[in-house]
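Summary of the model geometry
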Amino acid sequence: MNKQFTITLLCLLTLAGCDSSQKPAQNEGAINHIGQMKLDHTQDKQMQPLQMLLGQALVMAAYGANMKLDGNDQGQNLLVDATGLLRRAMSGPEMTMMHKGGGDMSASMHQIHDLGDTAFDLLDLMMGLSADDSHAVQLRKANELLAMAASGHNMLLQAESAGELGAVMQKHARELLNQAEAGLAGIEGLGEYHKLILHLLRMHGMKDHHTPAKI
Ligand SMILES: [Cu+2]
């Protein structure tokens, strides 16, 4: 599903009249700026469970894709489930509610839709994988990296409500993201995987893959 279609569908669902080129308001004075900040904060909180759902769908997708590469028919079912979970996050009633009334999308709303669109593209690719794929070795590696990046993403989100254990979870989540970052150079040829993993890393403030963190 391409980005324009997803956004058009979302607009139809919400009647919000949004526009994929919309960016947060700029140069409209301090009141609007404060309003935008409040919007961002509120949406960030509301969006956290949706971001988790998205992360879980990606872990599921990584398993499903590797099962397909192993010739296991159950892999396809997992990919279908993952697609359903992703769709539930991106265009379910919670997302629809957040777009009610229209207005500007927050920076984090733009981010989650960009990530969702990339994830739908990757799921399309995964659906076509098979045991005799000539890039099976590299694809398995890519699925491992995706699972690590998505698990790190999930753990970082969980850490926010884990009290004193939050710091422990953050440390291990960062290790997972670092591992995923370190492996990125090995899957340069797999554009959809590369793009999605990089997106997850940047979402959590990681540096570009040309300067991987030491692990
Ligand atoms: Cu949205």
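Residues numbered from 1 in each chain as written. Predicted model: local features only at pLDDT ≥ 70, side-chain atom pairs only at ≥ 80, totals over all residues.

Looking only at helices and strands, one finds 8 helices and 0 strands in the chain. Going residue by residue from the N terminus, the α and β elements of the chain occur as α-α-α-α-α-α-α-α. Expressed as a percentage of its 215 residues, the buried residues of the chain come to 32%. When contacts within the chain are restricted to residue pairs at least 6 apart in sequence, long-range pairs at least 24 apart make up 77% of them. (Helix = DSSP H or I, 4+ residues; strand = E, 2+ residues; numbered from the N terminus. Buried ≥ 20, exposed ≤ 12 C-beta atoms within 10 Å, placed from the backbone. Contact = placed C-beta atoms within 7 Å.)

Turning our attention to the nonpolar core. For soluble globular proteins, nonpolar side chains are generally found buried alongside one another. Counting 49 residues, the largest nonpolar core has A57, A61, A119, L145, L146, A149 and I197 as its most contacted members. Mapped onto this core, the elements with two or more residues apiece are α2 (29-69), α3 (74-91), α5 (107-127), α6 (136-159), α7 (166-183) and α8 (191-203). (Core = buried A, V, L, I, M, F, W, Y, C linked by C-beta atoms within 7 Å.)

Turning our attention to the packing of α6 against α7. Contact geometry of α6 with α7 gives a least axis separation of 8 Å together with a crossing angle of 155 degrees. Considering their axes alone, α6 and α7 lie roughly antiparallel with respect to each other. Where α6 crosses over α7, the two elements pack in a sense that is left-handed. Residues K141, L145, M148, A149, S151, G152, M155, L156, Q158 and A159 of α6 lie in contact with α7, whose contacting residues are G166, M169, Q170, H172, A173, L176, L177, Q179, A180 and G183. The residue inventory of the contact of α6 with α7, partitioned by class, reads 11 nonpolar, 8 polar and 1 charged. (Axes fitted to C-alpha atoms, helices over the stretch in contact; angles between N-to-C directions. Parallel < 35°, antiparallel > 145°, perpendicular 65-115°, else oblique. Left-handed = near helix turned anticlockwise from the far one by under 90°. Nonpolar A, V, L, I, M, F, W, Y, C, P; charged D, E, K, R; others polar.)

Our next topic: α5. Owing to its 3.6 residues per turn, the α-helix brings residues three or four apart onto one side. Taking 1.5 Å of rise per residue, 21 residues should cover 30 Å, and α5 covers 31 Å from first to last C-alpha, within 8% of that figure. Of the positions making up α5, those classed as buried are M109, I112, H113, L115, G116, D117, A119, L122, L123 and M126. (Expected span 1.5 Å × (residues − 1).)

Residues of the chain with pLDDT of at least 70 account for 76%, and the chain-wide mean is 83. For residues 5-31, every residue scores under 50 in pLDDT, and the model assigns this stretch 36 contacts once sequence neighbours within four places are set aside. Here residues 209-215 is modelled with pLDDT under 50, and outside its nearest four sequence neighbours on either side it reaches 11 contacts, counting other chains as well. (pLDDT = per-residue confidence, 0-100.)

Interhelical geometry of α5 versus α8 gives an angle of 155 degrees and a closest axis separation of 9 Å. Between α5 and α8, the angle is such that the two are roughly antiparallel. Regarding α5 and α8, the two cross each other, and that crossing is left-handed. Between α5, through Q111, D114, L115, T118, A119, D121, L122 and L125, and α8, the contact on the second element is made entirely by E192, Y193, K195, L196, H199 and M203.

With 18 residues, α7 ought to run about 26 Å at 1.5 Å a step, and its terminal C-alpha atoms sit 26 Å apart, in line with that. For α7, the set of buried residues is A173, L176, L177, A180 and E181. Taken around the axis of α7, the buried residues stretch over an arc of 140 degrees, which confines them to a single face. Exposed residues pointing more than 90 degrees away from the buried face of α7 are listed as A167, V168 and K171. Where α7 is buried, its residues touch α6 and α8. (Arc of directions from axis to C-beta.)

On to the environment of L146, then. Summarising the element assignment, L146 is placed in helix α6. Of the residues examined, L146 has 27 C-beta atoms within 10 Å and is grouped as buried. Along the backbone, L146 and L184 are 38 residues apart, and their C-alpha atoms lie at a distance of 9.8 Å. Beyond its immediate sequence surroundings of up to four residues, L146 is in contact with L58, A62, Y193, L196 and I197.

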